Structure formats: C-alpha cells, structure tokens
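Listed below, chain by chain, are the residues.
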Amino acid sequence: VLGEKIILETIFSFVDYMETTVAAFEQDGSIIGKVLCGNSYCSLLKETIESAKASEGARKYLEQRQAVVHAAIASGHQEETGAAGITICVAPVMANGKAVGAILGGVSEVPSNEKIIRDVAETTGADLKKLQEAASQVFHKPDYLYDAARRHLHRLAGTLGKLYED
C-alpha cells in the first residue's frame, strides 16, 4: 500500500502547473490526506466547505464530489461541472485490473460569470465579495492546457496504479 506522502507528492505536479485543485481518493471514496489547492478561488471554497459553519449546500457539494469519485471507481473516467462552477475530471487508479482509488482534478476555468459566482457562493456559503475577488485573480489558460490536464490526470492515475502493484 502506498503511503500518503508518496501519493500527495505524485499528484502535486498537477496543482503545480495547472494552479487548480487536485485530490486523491481511496477505493471506498475517502480522501487521502487533503485537497491540494493551487489558486485563491479553490482555497477559499475549500476553507468554506471544510469549516464548521459549512452550509447545507457545502455538504451537498461534498456529496456530489463523492458520487463522482464512486462512479469513476466503479466504471472509469468521469467528468462533470461541480457546484464550484469548475469542471472536475476523475481518473480511476487501476492496479492488477481493479480500481483501487481515484484522482480528481479541476480541468476548466474558474468561473468569471457573476451569476455563476453568486450561485457558487450561495451553494457553498462562501463570502460573495471574497469569492469574486479570488476568481478575478486566477490566470486564465488556453483550452489546450485543460485537454493536457485531463491526459496528465490519467497518467498520474496510471503511475500510482503501477506503484501500487510493486
């Protein structure tokens, strides 16, 4: 079994070049270590959702994330736009022909549309002004980088699966 440190160091490369969110999950869908955030928007949402004051919407967000992770573990690659307004890609980690976990990463722009940001703030309980400010600070990337990010997530999942087998 791989240690938390090895897993987090392996997936950190995704955060490092995409400046987005990434997390690794066990086969049962529980998170390994912590969610790694590469920008202020994702960090603010993470803090809000994890706080003791988290709203019902934040709990629904976590349930949605969990459902996407379970679907990826059960049937392969999953992708959808989450409650944060960001498209998330989930790649299963396969070892010896079985899914042993998954990696989730953000693969789209942080929302810039005011209505979407307002909806995200209402859903998660995040402070609207802080969320708008954080979203405005995120560097926008060309679409081809998000396509590369999807491929990178799958390569990371493959690498972790091979490490798991050894």
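The structure presented is a predicted model; accordingly, all values stated were derived computationally and were not measured.

Peer 1: Provide a residue-level description of the environment of Glu79, including the pertinent values.
Peer 2: For Glu79, the location among the structural elements is in strand E3 (residues 78-81). Overall, the relative accessible area of 33% leaves Glu79 in the partly exposed class. Each C-alpha atom of the pair Glu79 and Arg150 lies 9.6 Å from the other, and the pair is 71 residues apart in sequence. Aside from chain neighbours lying at most four places away, what touches Glu79 is Thr87, Ile88, Cys89, Val107 and Arg150. A polar side-chain atom of Glu79 sits 3.4 Å from a polar atom in the side chain of His77. Side chain to side chain, Glu79 and Arg150 meet in a polar contact 2.9 Å long.

Peer 1: Residue-level account of the sheet that holds E3, with values.
Peer 2: Hydrogen bonds along the backbone pair up the strands of a sheet, which may run parallel or antiparallel. The strand order across the open sheet formed by 5 strands is E2-E1-E5-E4-E3, and the pairing between neighbours is antiparallel. In this open sheet, the two edge strands, each paired with only one partner strand, are strand E2 (31-37) and E3. Adjacent strand axes in the sheet meet at a mean angle of 15 degrees, parallel and antiparallel pairs treated alike. As defined by bridge partners, E3 adjoins strand E4 (residues 87-95) across 4 bridges and the pair is classed as antiparallel. By the bridge assignment, Glu79 is partnered in E4 with Cys89. Across the face of the sheet, helix H3 (residues 56-75) comes into contact with strand E1 (21-26), E2, E3, E4 and strand E5 (98-106) while running at roughly 160 degrees to E3.

Conventions used here
Residues numbered from 1 in each chain as written. Predicted model: local features only at pLDDT ≥ 70, side-chain atom pairs only at ≥ 80, totals over all residues. Heavy atoms only, no water. Helix = DSSP H or I, 4+ residues; strand = E, 2+ residues; numbered from the N terminus. Buried < 20%, exposed > 50% of the residue type's maximum accessible area, 1.4 Å probe, protein only. Contact = heavy atoms within 4.5 Å. Polar contact = N/O pair within 3.5 Å; in protein donor to acceptor, adjacent residues only side chain to side chain. Pairing = 2+ DSSP bridges. Axes fitted to C-alpha atoms, helices over the stretch in contact; angles between N-to-C directions.

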